[in-house]
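# Notes for the structure review
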Amino acid sequence: MLDDVDCIPCLKRSGKWTWPCNVEGLCWCWDSSKPKYKPALSSGLEPALTKPCDIFTESMFDKIAPNAVHPYTYDGLCDAIEMLNDRYDEKIFMMGTLLQQKQEWAAFLGHTTHESAQYTAPREALVCGRTVEKLSGTFCKPCDNKYFDWDNRYCKVSLVANGQFYDDYCDKVITPPHGCVCGPTTEVDGDIRAGLMNPNAAYFGRGAIQLSWNSNYIKASQVLTESAETLCTQPDLVATEPKYAWGTALWFWVFSKPPGEETNCHIKALEGSFGSTLRIINGGLECPPDAYGYHAEAVVTRLRYYCIAASIMEVPLMDFGGCEGLGDAFARCVQTGFCPECNEHYGNPTMEPSLAPAPQRPTPQPTDWGSWRSEDWLTAMRGNSAAVKSASRLLGSLTLAMAMCLWL
């Protein structure tokens, strides 16, 4: 292992930093047999002998995601895991006991099936729910919720029409090496591609965990490709290439740390806390959620997906602590009949609802998992309000600002 003293000759020779010197993420002077980006946090556990995809099989993948679309392939997932596990001592889904491996799988699958609409959404719906092919190119039509047809995934009025600008998920204060260069973008032209935006000009949500923001794209790129340029210049690779669609989710799971904390989703899952993984992923909006807003429904769907994953992996649910209100949301969801997939994981479920939190009729029996995409509850969830979306972006900006203050 190198230390700061070992860095000095390399620094003087190349003029560049090398890990583990003082500037985080700048690890370009390195033994060519080692990864250029510093290792993830250690869980303190021993690597397991059973490989991740010997535990989570393709038949299990087909059960949890019967309607998965490209780039969400099982082989792509296994390849991305193997690539990172070959590079680093801390292994994904391969630390500790067999139970810990399975429980980490269940948590990851529960979150990513929710974030990606059961692996059917490579891109964020409102920004690029349906791509447009024009003049041998692929383009997006960013939309406001009030102009978006959720049933047909069609945008009636583009946010970049008539020279308007789109700059969501772009923190212009954060620049390389801490964030991709970004700025406002507009329609490609006012003629045949009017209202259409180049998808590689924006850092909206993509992939299994819906990677977003210019600061996250550059960090994921450094780990997955050992170059900041790859995903900074071609962010849409995350929506088209399996190794990046899965790889960015794995990067977030293992490398992304909450501001001011030395932990991550990987470690929290190994510690047995599903609630803490949710707090890291979306705690500002779901721990707790607004009782009457979109995110209250989002918590329900996340719990349903998690229960399905836990059933497939044949493990009990992990602790809900670490996310305020999640335990109560789980109990309420099962007791009212709106989380039938969770019945087997709950001690005394109430089969008939005592409160109707949504217009659809609940069922005491688990639904066919493959039919979820056509259920009313999921369609209703897609129509989240523009106000909630704006709040999410504001929270993201505040989080990034806090991270910069801590770093400085």
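We now turn to the structure provided with this report. (Residues numbered from 1 in each chain as written. Predicted model: local features only at pLDDT ≥ 70, side-chain atom pairs only at ≥ 80, totals over all residues. Heavy atoms only, no water.)

Turning our eyes to something else, we now look at the overall build of the protein. The secondary structure content of the protein amounts to 16 helices and 4 strands. A total of 408 residues make up the protein; the buried ones form 52% of that total. If you take every contact in the protein between residues at least 6 apart in sequence, the share linking residues at least 24 apart comes to 63%. Accessible area of the protein: about 18,300 Å², with a carbon and sulfur share of 52%. (Helix = DSSP H or I, 4+ residues; strand = E, 2+ residues; numbered from the N terminus. Buried < 20%, exposed > 50% of the residue type's maximum accessible area, 1.4 Å probe, protein only. Contact = heavy atoms within 4.5 Å. Areas by Shrake-Rupley, 256 points an atom, 1.4 Å probe, with all protein chains shown as cover.)

With that out of the way, let us pick up a negative patch on the surface. Where like charges cluster on the molecular surface, the negative patch consists of E58, D62, D75, D79, E82 and D86. Going through the elements one at a time, helix 3 (58–64) and helix 4 (74–87) are the ones with two or more residues in the negative patch. Broken down by element, the negative patch gets its largest block of residues, 4 residues, from helix 4. Note that D79 resides in helix 4. (Patch = residues over 30% accessible without salt bridge, like charges linked within 9 Å, V, L, I, M, F, W, Y side chains within 5 Å. Salt bridge = Lys/Arg side-chain N within 4 Å of Asp/Glu carboxyl O. Lys, Arg positive; Asp, Glu negative; His and termini not counted. Charge placed at Lys NZ, Arg CZ, Asp CG, Glu CD.)

This part is about the environment of D167. Counting through the fold element by element, D167 comes out in the loop between strand 4 (154–155) and helix 7 (214–225). Measuring from C-alpha to C-alpha, the distance between D167 and A201 comes to 9.2 Å, with 34 residues separating the pair along the chain. Once residues lying within four places of it in the same chain are set aside, the contact partners of D167 are K172, G183 and P184.

On to the nonpolar core, then. One finds F56, W105, F108, L109, W253 and F330 to be the most contacted residues of the largest nonpolar core, which totals 81 residues. It is helix 10 (residues 242–255) that contributes the most residues to this core, 10 residues altogether. Counting 10 residues, the second largest nonpolar core, distinct from the first, contains Y166, M197, A202 and W213. (Core = buried A, V, L, I, M, F, W, Y, C linked by side-chain atoms within 4.5 Å.)

Glancing now at the state of the cysteines. On inspection of all chains with the given rule, the structure shows 8 disulfides. The partner cysteine of C128 in its disulfide is C140, sulfur to sulfur 2.0 Å. Its S-S torsion of approximately -80° makes the covalent link between C128 and C140 left-handed. Here C128 is found in helix 6 (residues 125–128), whereas its partner C140 is found in the loop between strand 2 (137–139) and strand 3 (148–149), with 12 residues between them in sequence. Disulfide pairing is shown between C143 and C155; the S-S distance is 2.4 Å. The S-S bond linking C143 to C155 shows a torsion near 90°; that makes this disulfide right-handed. (Disulfide = S-S within 2.5 Å.)

On to the packing of aromatic side chains. Given two aromatic rings, their pairing is described by the distance between the two centres and the angle made by the two planes. Going through the model one piece at a time under the given rule, you end up with 22 aromatic pairs. Ring plane angle 50° and centroid distance 6.0 Å describe the contact between F61 and Y74, whose orientation is recorded as tilted. Placement of the pair is F61 in helix 3 and Y74 in helix 4, with a sequence separation of 13 residues. Summarising the burial analysis for this pair, F61 and Y74 share the class buried. Look at F330 and Y346: their rings are 5.8 Å apart centre to centre, the planes differ by 70°, and that puts the pair in the edge-to-face class. Taken together, the residues span a long stretch of sequence, with F330 in helix 14 (residues 326–335) and Y346 in the loop between helix 14 and helix 15 (376–382) at a distance of 16 residues. (Phe/Tyr/Trp six-rings, centres within 6.5 Å; stacked < 30°, edge-to-face > 60°.)

Tallied over the entire structure, the rule returns 10 salt bridges. Here D189 and R193 are joined by a salt bridge, their closest N and O atoms 2.9 Å apart. As a salt-bridge pair, E262 and K257 come within 3.1 Å of each other at their nearest N and O atoms. Taking relative accessible area as the criterion, E262 reaches 59% and is therefore assigned exposed.

Nothing here speaks to function; it is all geometry.
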